[in-house]
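Coordinate inspection notes
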Amino acid sequence: MDIVLYTYFMDIGVGLSLQKNPILAIKEAISIAKEQMIIKKPDFGILFTSLELSCSSLLRALNEYLGNIPVIGGSSSTILCNKSFHKEGLVLMLVKLPAESLFNIANAKNINLAGNPGIGKEMGIKLLNGLYNKNKLASFFILDTPVNETSEFIFGLREKLGMGFPLLGAFTSGGAGLPNNYIYFNNDLFRNASAGILFAGKLHYGSGCRHGWKPLGKSHLITAGENNIIAEIDDMPAVKIYEDYLNCDLNELKNNLRQISTLYPFGIQQKNEPEYLLRNVIAIEPGGGLRIQGNLPKNKLVRLMIGTKETCIEAAKEAAEQTKIGLSGMAKTKTKKFAIVFSSMARQLVYKKSLDQELAAVNEALGANTPVIGLCPYSGLSPSREINYQGEVFFSNYNISILTIGG
Amino acid sequence: MGLINYIFAFLGLTVIILLGVALIFRLEKEAALKAELEKVKKSVDEMDEQAKLILRTDLELNKAQEELDKKMTSIYALQEISRAISNTLEEDKIFKSIDSYHLKDLGFEKALAFLWDEKDKKFALHLNIGYMDNELEKILTFVETNKDSYLELIHNEHVNSLRSMPVGIEKKEALNRLFKITFYIICPIMPKEGKKGFLFVGTEKENVSITEGDEESITILANQIGQSLENARLFEKSWKAQQELGRRVEERTQELSRALEELNIINKRESDFVSSVSHELRTPLTSVKGYAALLLSGKFGELPEEARKRIEKLNRHTDELVQFINDLLDISRLESGKVTMQPAECDLKKMSEEILDMFVILMKEKQLEISFKIDDDARLLQADNNQIKRVFINIINNALKFTPPGGKISVESHKTPEGIKVDISDTGYGIPEEALEKIFQEFYRVDNNINQQIKGTGLGLTLVKNIIEAHKGKIWVKSKVGAGSTFSFILPQNI
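Please read all numbers here as calculations on a predicted model, not as lab measurements.

1. Overview of the sheet that holds strand β4 (residues 79-81) of chain A
Residues and elements named next belong to chain A. A sheet is described by the order of its strands in space; here six strands give the open sequence β5-β4-β23-β22-β26-β13, paired in mixed fashion. Edge strands, defined here as strands with exactly one partner in the open sheet, are β5 (84-86) and β13 (204-210). Strand-to-strand twist of the sheet, defined as the mean angle between neighbouring strand axes without regard to direction, takes the value 15°. Pairing of β4 with strand β23 (residues 372-375), which is carried by three bridges, proceeds in the antiparallel orientation.

Put into structure tokens, the structure is as follows:
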């Protein structure tokens, strides 16, 4: 007679390995994660690795040691686990969901095909498979294509899931000149692809998203511009704003554009949002206009923003606190929760060597025993809370986004 | 009618006046508001100026912090590399110790190291990080074609980078395409001895620039490599020298062993010869002595006086010869290990009394004084009684022979940490300094008038030394010509 053990609570294990050999690393991580679990047969795994460890043998080994459980994940230049960030290594989270809770994983390839929202819709259908009549909660996905090539895909995905559906996304590729990453789905790895998971059933979820940049200086009016190009601000070439505020000439600006625009992006105030919407400059146009990532329409007031270590840590704490609102209905005992954290790469410029302090703040807010894994994407997708855009999602290169699932 | 007109006119005027006043108030209020607005605008502008200051300061701080972090990371990376390459003394392993992780920390992804082979007249590749085989082929061809430029770089100990490169854009772009980099640094590797070369590092990143700090870090790395190569070569040299030395020592040791073996064989033969000859001599001597004794006993009739004297002399000489042969035999046996000591309780005080009895008549005849002073804690030891007695007898006998009438012989013993020390002193003729070392050698006698007159075999002190050494003791002599001698020996107590 087979005895099947039903769990009425969630079981989670997290394993981190800093070994340089991928096979040894995954073996070590599985061992550590399983050690923490009571039920040794997890429902699914989430795997984040540094780029050097990305290879198909890694995933085959994972499959071999764990035995064909669903796996999603990806590579990134920085991964995180509980209280620390790592530039090399891998982290694996194994989850056994409680009874009456469900999930689906799905992937999509050739994301950046222009004019093809069908790919996003397809992934949405796969995520919803068998869950149409269930209480769908939240979803997160990872994508290795630069954000500006994915709008069709995102639109298609959201169309299927629902425009107001809480969707968290991480874009692990930063575009030209930056290394390309991989997406993991079951026992294979892909490029120009996406992998995601959707949770449903008797689970609780909470999401939180903050950046921590504060406005500095007075507001300025975008007097000329179209789509993602700001031609003029206050009737002067847009680049003048940086030249004026930072007292640097055009050459210096061009040479250090990435750093300057990351540290001091533009910000637009949003109604009912505690923080400004941020937009960073990706190129200086010949006439002194600024090409930004994302759109900023004409006649909007913008301010230059500044981020400090202290404000970013405070923001991380607030994001973690925000997730607890969604988990407030959870029972106090015999329940567990885990958190997925996407902390944008831009934040590393602010933190420099003190990156771990951000996770310390998150851990403090969530509770020291909450397993946390994640990675550092170049861009992120997070739900907006602005009243006119309820459920709307917005892109940001600066956020720390947290999704907490409990049961 | 007129009154009504006046009233209307008055009312109208009042209204006009009131409106005028209202207008004035409004204008004043407007002016005040404008002034207020100007103030606010001025405050905002001031705050904006402060915001600019904050931003500029923040930017400078960020740049400084970044530079510092970069330097710290480089220092740690250099430290790691230094540790890795100084842990090996093999030339090949030095380059293998540098890996891509170290290079990444220094801010580069690609590296090549070449050393100049004087024999083949070409650069040999010793390190490759970041290049595939097909890319490497083109690079090697390029290096071979431009080897003179690289040799010049090495000769001038010049660091070359895109920061300092004084060439046209074309060449810069060609180099970038060939090496697939956006920025590079080339630094000579200069060990004091052996092959020199150069280190090339490059990065593909576009939004970085090479700083003086980067050049400094790579120069330090190249110097570390040079130093390690030098150490490796010196180690190889000294290892080879050590091997050679070891080989020679081995050879010499074998030679000495063979010589020692031969010496031992010779010694044994000598001992065996002495033993054999002594035995052969003793037998006929015993016979001679026997017959002499018979003749003296009168068994064959009374001997004439002259004959008697001569036979008595014959007897004495025979005794001396027998004693000589016995001593020779004893020495031979001791040297060959055929005689072992028979340790028993040895009481020096008792022994001294027996010895005194033996010599008292001779002392009187020669008008010599003899004294014994044996300390209570230095009288008992474990030793072969007969052999130790012989030691005392031989040394006192010598003292007797070589001390003129009226002299003094003293025997003293006291305890030392090494054992019991015995000093036998005399007020005799003394021994010359050059003879002190040889006095214990077989058959050695000091070459002077006194020794020519006093009989001796030259074996007594040799026997004494052999006995003392067989007891694990030691013996030595102090002497001054004309002032006497002191023979000292130490015997372990072993109690």
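2. Concerning the nonpolar core
Side chains of a nonpolar character, in soluble globular proteins, are inclined to be buried together. Membership of the largest hydrophobic core comes to 58 residues, with the highest contact counts inside it found for Tyr 242, Tyr 264 and Phe 266 of chain A. Setting aside anything within four residues of it in sequence, one finds Tyr 264 of chain A in contact with Tyr 242, Leu 246, Leu 304, Met 305 and Ile 306 of chain A together with Leu 55, Asp 58, Leu 59 and Asn 62 of chain B. Among the nonpolar cores identified, the runner-up in size contains 47 residues, and Leu 368, Val 391, Ile 467 and Phe 487 of chain B belong to it.

3. What to know about the confidence of the model for chain A
Predicted coordinates in regions of low pLDDT should not be interpreted in detail. For chain A, per-residue confidence averages 86 on the pLDDT scale, and residues scoring 70 or more make up 93% of the total. Within the model, the stretch residues 1-5 of chain A combines pLDDT values under 50 with one contact to residues more than four positions away or in other chains.

4. Digging into the side chain of Ser 410 of chain B
All names here are of chain B. With respect to the secondary-structure elements, Ser 410 resides in strand β9 (residues 408-416). Take Ser 410: its relative accessible area is 16%, and that puts it in the buried class. With residues near it in sequence (within four places) discarded, Ser 410 still touches Ser 371, Asp 423, Ile 424 and Ser 425.

5. Observations regarding the pairing of strand β11 (residues 474-480) of chain B
Residues and elements named next belong to chain B. By the bridge criterion, seven bridges tie β11 to strand β12 (residues 484-491) in an arrangement that is antiparallel. Paired with Lys 478 across the two strands is Thr 486, which belongs to β12. Counted along the chain from β11 to the antiparallel partner β12, the turn is three residues long, and its residue Gly 482 has a positive phi close to 90°.

6. Quick notes on unusual backbone geometry
Residue and element names in this part refer to chain A. Unusually for a residue other than glycine, Glu 100 sits at a positive phi of about 65°. Mapped onto the elements of the fold, Glu 100 is located in the loop between β6 (90-96) and β7 (101-109). Note on Glu 100: relative accessible area 57%, which makes it exposed.

7. Quick word on the confidence of the model for chain B
All names here are of chain B. In the predicted model, chain B carries a mean pLDDT of 86, and 96% of its residues have values of at least 70. Taken element by element, chain B is modelled with least confidence in helix α6 (residues 169-179), mean pLDDT 72, and with most confidence in β12, mean pLDDT 95. The ipTM value of the predicted complex is 0.82, and its pTM value is 0.63.

8. Describing a nonpolar patch on the surface
All names here are of chain B. There is a patch of nonpolar side chains on the surface, built from Leu 3, Ile 4, Ile 7, Phe 8 and Leu 11 and spanning about 530 Å² of accessible area. Here Ile 7 is to be found in helix α1 (residues 2-86). Judged by relative accessible area, Ile 7 falls into the partly exposed class, the value being 44%.

9. Some words on the packing of helix α8 (residues 309-326) of chain A against helix α10 (residues 356-366) of chain A
All names here are of chain A. Contact geometry for α8 and α10: axes closest at 8 Å, N-to-C directions at 30°. Here α8 is positioned roughly parallel relative to α10, judged by the angle of their axes. You can see that α8 and α10 cross each other, and the crossing is right-handed. For the pair α8 and α10, the contacting residues are Lys 309, Cys 312, Ile 313, Ala 316, Lys 317, Ala 320, Glu 321, Thr 323 and Lys 324 in the first and Gln 357, Glu 358, Ala 361, Val 362, Glu 364, Ala 365 and Leu 366 in the second. Across the contact of α8 with α10, the residue classes break down as eight nonpolar, two polar and six charged.

10. Quick look at the interface of chain B and chain A
Taken residue by residue, the interface counts 19 residues in chain B and 21 residues in chain A. Both faces combined, the contact of chain B with chain A buries some 2100 Å², and carbon together with sulfur accounts for 57% of it. Of all residues in chain B, the largest losses of buried area upon contact with chain A belong to Leu 55, Leu 59 and Tyr 101 of chain B, amounting jointly to 30% of the total for that side. At the boundary of chain B and chain A, one finds four salt bridges. Residues Lys 52 of chain B and Asp 244 of chain A are paired through a salt bridge, measuring 2.8 Å at the closest nitrogen-oxygen approach. Seen at the junction of chain B and chain A, the total is 14 residue pairs in polar contact (both at pLDDT 80 or more). With 16 residues, α1 of chain B is the largest single contributor of residues to the side of chain B that touches chain A. When the residues that make up the side of chain B that touches chain A are grouped by side-chain class, the tally is six nonpolar, four polar and nine charged.

Rules of the game
- Residues numbered from 1 in each chain as written.
- Chains lettered and ligands numbered in written order.
- Predicted model: local features only at pLDDT ≥ 70, side-chain atom pairs only at ≥ 80, totals over all residues.
- Heavy atoms only, no water.
- Pairing = 2+ DSSP bridges.
- Helix = DSSP H or I, 4+ residues; strand = E, 2+ residues; numbered from the N terminus.
- Axes fitted to C-alpha atoms, helices over the stretch in contact; angles between N-to-C directions.
- Core = buried A, V, L, I, M, F, W, Y, C linked by side-chain atoms within 4.5 Å.
- Buried < 20%, exposed > 50% of the residue type's maximum accessible area, 1.4 Å probe, protein only.
- Contact = heavy atoms within 4.5 Å.
- pLDDT = per-residue confidence, 0-100.
- Patch = residues over 30% accessible without salt bridge, like charges linked within 9 Å, V, L, I, M, F, W, Y side chains within 5 Å.
- Areas by Shrake-Rupley, 256 points an atom, 1.4 Å probe, with all protein chains shown as cover.
- Salt bridge = Lys/Arg side-chain N within 4 Å of Asp/Glu carboxyl O.
- Parallel < 35°, antiparallel > 145°, perpendicular 65-115°, else oblique.
- Left-handed = near helix turned anticlockwise from the far one by under 90°.
- Nonpolar A, V, L, I, M, F, W, Y, C, P; charged D, E, K, R; others polar.
- Buried area = accessible area lost by both parts, 1.4 Å probe.
- Polar contact = N/O pair within 3.5 Å; in protein donor to acceptor, adjacent residues only side chain to side chain.

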